[in-house]
Amino acid sequence: MTAAVFGHDGPWTEEEYLALGETQERVELFDGSLHVTPGPTPLHQNISGELRAALRTPVRRAGLRVLEGVNVRLRPGRIPIPDLAITDDVDLRVPVIEASSVRLVCEIISPSNAATDKVLKMHYYAAAGIEWYLLVDQESLTMHLYQRQGAHYVERSVTKAGESLELTEPVRVTIRPEDLLD
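My aim in this report is to walk through the structure given alongside it, one point at a time. Just so it is clear, the structure is predicted and the values come from calculations on it, not from any experiment.

**Side note on the pattern of salt bridges**
Now for step 1: Taken as a whole, this structure holds 14 salt bridges when the rule is applied.
Now for step 2: The shortest N-O distance in the salt bridge between Asp-89 and Arg-65 comes to 2.9 Å. Of this pair, Asp-89 sits in the loop between β6 (84–87) and β7 (97–98) while Arg-65 sits in strand β3 (residues 65–68), placing them 24 residues apart in sequence.
Now for step 3: A relative accessible area of 55% places Asp-89 in the exposed class.
Now for step 4: The residue Arg-176 makes a salt bridge to Asp-179 at a minimum N-O spacing of 3.1 Å.
Now for step 5: For Arg-176, a relative accessible area of 36% translates into the label partly exposed.

Structure representation (structure tokens):
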């Protein structure tokens, strides 16, 4: 991938981005620019895995899917990779999930990418019409749940260790932050 990225001139098209294929790094496309981050830390991956496990049964009961680290097309040329996404029952063979099929996105905040998750992605996800946004701070184990209101998100709840997040949409589930460390 390195030669393909460094040997490239000008803005990236969606076709060029998708031609990179699967990579060890997270490579996202934002309006012609690639955003590359190293692979997640073990703590990040543990939180993601535990959260996905907590969501799996309620998501299946609702006829939905919970996917980890997939390409989501917010609009042509804008493809982030959220840590988790609750989607409609989509075709798992396609390389990109359309934003219109996404019910909730989740980002697990790492110190190195906090601004991207709290500002850039939050704005882009809301503008694409994704109804729910869950931010998990891996250092404090605090979960912030946002709901879209117009083109922006409004915070609906903040859940700290010792408390429980009671999701009612897009699925019904109770999540305790400390359970994400098991």
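**A short note on the pairing of strand β9 (residues 132–137)**
Now for step 1: Most of β9 is tucked away: five of the six residues are buried.
Now for step 2: At this point the chain moves from strand β8 (residues 102–109), through helix α4 (residues 114–127), to the parallel β9, and the crossover so formed is right-handed.
Now for step 3: Of the strand pairs in this sheet, β9 and strand β10 (residues 142–149) are connected by six bridges, and their pairing is antiparallel. Within β10, the position partnered with Leu-134 by the bridge is Leu-145.

**A few points about the pairing of strand β1 (residues 26–30)**
Now for step 1: Of all five residues in β1, five are buried, a share of seventy percent or more.
Now for step 2: In β1, alternate side chains face the same way, and those of Arg-26, Glu-28 and Phe-30 on one face and Val-27 and Leu-29 on the other are all buried.
Now for step 3: The sheet contact formed by β1 and strand β2 (residues 33–37) spans five bridges and is antiparallel. Across the sheet, Val-27 pairs through a bridge with Val-36, a residue of β2.
Now for step 4: As consecutive antiparallel partners, β1 and β2 are separated by two residues, and within that stretch Asp-31 has a phi angle of approximately 55°, a positive value.
Now for step 5: Relative to strand β5 (residues 78–79), β1 runs antiparallel, the two being bridged by two bridges. Looking at β5, one finds that Leu-29 is bridged to Ile-79.

**Considering the sheet that holds β5**
Now for step 1: Spatial ordering of the open sheet is given by β2-β1-β5, a layout of three strands whose pairing is antiparallel. One side of each edge strand has no neighbouring strand; the edge strands of this open sheet are β2 and β5.
Now for step 2: Strands in contact with α4 are β1, β2 and β5; relative to β1, the strand with the most contacts, it is inclined by about 50°.

Parameters and conventions
- Residues numbered from 1 in each chain as written.
- Predicted model: local features only at pLDDT ≥ 70, side-chain atom pairs only at ≥ 80, totals over all residues.
- Heavy atoms only, no water.
- Salt bridge = Lys/Arg side-chain N within 4 Å of Asp/Glu carboxyl O.
- Helix = DSSP H or I, 4+ residues; strand = E, 2+ residues; numbered from the N terminus.
- Buried < 20%, exposed > 50% of the residue type's maximum accessible area, 1.4 Å probe, protein only.
- Right-handed = clockwise from strand over helix to strand, strands pointing away.
- Pairing = 2+ DSSP bridges.
- Contact = heavy atoms within 4.5 Å.
- Axes fitted to C-alpha atoms, helices over the stretch in contact; angles between N-to-C directions.

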